[in-house]
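Descriptive analysis of the structure
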Amino acid sequence: MIDGWEEKGSDGVDNKNFNTPMEIAEHTVGVGVKKVNKSWIKQLMVGLVAGAFIAFAAEGSNMAAFNLFGNPNAYGLGKALAGAVFATGLMMVVIAGGDLFTGNNLIILSVLEKKTTVSQMLRNWFFVYIGNFIGSVLIAYMIVESGQLHSGANGLAAVTIKIASYKVSLSFIQAFYLGIMCNWIVCLAVWMAYGAKDIAGKILAVFFPIWLFVTSGFEHSVANMYYVPVGILAKAKVEYAQASHLSAEKLGNLNWGTFITNNLIPVTLGNIVGGVLFVGGIYWFLYLKKDK
């Protein structure tokens, strides 16, 4: 038995279709080593595709729920529907292959185990983060230029701009705490996916935590690399800006500067705390740290 889990069958063969928490921790260390040893261009590109996957999930969740978002009495239901669709993004990252800055916060386990260095981890975070941003903004640009936001008589455009406006209107501390809670859950989703040995198990491990974080309204830095830029690009089109019914002041406050200072920086810092401290650090202490 390992932490209450049956390790092997009566024949002594490891026949379970999951990893125990300790095995997940050991696996995560190995994954971290592989991630930091990729060339910078591969780290950038694996980040780019993951950013695109999350952006696809974000635009799909908006499409599914924009009518519900417009109705205060159905807002929570809209968030639940959006969360169910959004979970597809991390499924594609985990199964098809890709790296998210948020999930890569778990590289901290390999650092704490002295298998990688802090500088290697930070280098990986940098290139993956830039790749996530490029992939997300690329999809945002194509969504706006494709005319998809005309959906629902510009209703989708209106909700898209309102979501972006809300995100840049958060205070630093609000965005920071929402970022902590988000990546606490997202890194748990990745952790649980490492615990599954088959595709179905990975899908289930990812779906429920991601559904929870989106329904809760927490802030994810990579997802916001789509949500806010698509709103900024959309508001530049007069018909979309008019459909949002936002004041000139709120539309003016939605720009690249407020995106970075009011949302991306505090959310990213919160994501780091949530992933590094509350998942990576705690599980390293529980399962890998050697007792004196």
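The coordinates are above.
Bear in mind the structure is a predicted one, so any value in this text is a computation, not a measurement.

Below, the discussion takes up the nonpolar core. Core analysis: the biggest nonpolar cluster contains 84 residues, and Phe86, Leu90, Leu109, Leu149, Ile210, Phe213 and Tyr226 have the highest contact counts within it. No other element matches helix α7 (residues 172–195), which puts 11 residues into this core. Setting aside residues no more than four positions away along its own chain, phenylalanine 213 makes contact with Phe86, Cys182, Ile185, Val186, Phe218 and His220.

Two side chains of opposite charge can pair, provided their charged atoms sit close to one another. Taken as a whole and judged by the stated rule, the model has 4 salt bridges. Here aspartate 99 makes a salt bridge to lysine 35, at a shortest N to O gap of 2.5 Å. Here aspartate 99, found in the loop between α3 (75–96) and α4 (108–112), pairs with lysine 35, found in helix α1 (residues 21–36); they are 64 residues apart in sequence, far enough to count as distant. Residue lysine 35 is classed as buried on the basis of its relative accessible area of 11%. For aspartate 99, a relative accessible area of 3% gives the class buried. Connected through shared salt-bridge partners, Lys35, Lys38 and Asp99 make up one network.

Turning our eyes to something else, we now look at the packing of aromatic side chains. How two aromatic rings sit relative to each other is set out by the distance from centre to centre and by the angle between their planes. Scanning all chains against the criterion turns up 15 aromatic pairs. Ring geometry for tryptophan 40 versus phenylalanine 127: centroids 5.6 Å apart, planes at 40 degrees, classification tilted. One end of the pair, tryptophan 40, is in helix α2 (residues 40–69); the other, phenylalanine 127, is in helix α5 (residues 118–146), and 87 residues separate them in sequence. On the basis of relative accessible area, tryptophan 40 is assigned to the partly exposed category, the value being 44%. With a relative accessible area of 18%, phenylalanine 127 lands in the buried category. Pairwise contacts between aromatic rings join Trp40, Phe126 and Phe127 into one cluster.

A few words on the layout of surface pockets. Its boundaries defined by the atoms lining it, the largest pocket holds a volume of some 520 Å³. Taken together, 25 residues make up the lining of the largest pocket; nearest its centre are Phe69, Tyr75, Lys79, Ile163 and Tyr166. Every element with two or more residues in the lining of the largest pocket is listed here: α2, α3, α6 (155–168), α8 (199–216) and α9 (221–235). Counting residues per element, the lining of the largest pocket draws most heavily on α6, at 7 residues. Split by residue class, the lining of the largest pocket holds 14 nonpolar, 7 polar and 4 charged.

Conventions used here
Residue positions are counted from 1 within each chain, in the order its sequence is given. A pLDDT threshold of at least 70 governs which residues receive local features in this predicted model, and a stricter bar of 80 or more applies before side-chain atom pairs are shown or counted, although totals over entire chains, interfaces and linings include all residues. To obtain the side-chain values, all non-hydrogen atoms of the structure were included, while hydrogens and water were left out. Residue types Ala, Val, Leu, Ile, Met, Phe, Trp, Tyr and Cys, when buried and joined through side-chain atoms within 4.5 Å, form a set referred to as a nonpolar core. Only protein chains enter the calculation, and the probe is 1.4 Å; a residue is then buried if its accessible area is under 20% of its type maximum, exposed if over 50%, and partly exposed in between. Secondary structure follows DSSP: runs of H or I at least 4 residues long count as helices, runs of E at least 2 residues long count as strands, and numbering of each begins at the N terminus. By definition, residues are in contact when any of their heavy atoms lie within 4.5 Å. Definition used for salt bridges: Asp or Glu carboxyl oxygen within 4 Å of a side-chain nitrogen of Lys or Arg. Ring geometry is summarised as follows: Phe, Tyr and Trp rings, the Trp one being its six-membered ring, pair when their centres sit within 6.5 Å, and such pairs are stacked at plane angles under 30 degrees, edge-to-face over 60 and tilted between the two. Points on a 1 Å grid over protein atoms alone make up a cavity when a 1.4 Å probe fits among them but cannot get out, and a pocket when they form an open set with protein on both sides within 12 Å along at least five of seven lines; lining residues each have an atom within 4 Å of a point. Grid points are joined across faces, edges and corners, and a volume is the space filled by probe spheres set on the points. Residue polarity is assigned by list, with Asp, Glu, Lys and Arg as charged and Ala, Val, Leu, Ile, Met, Phe, Trp, Tyr, Cys and Pro as nonpolar; anything else, Gly included, falls into the polar class.

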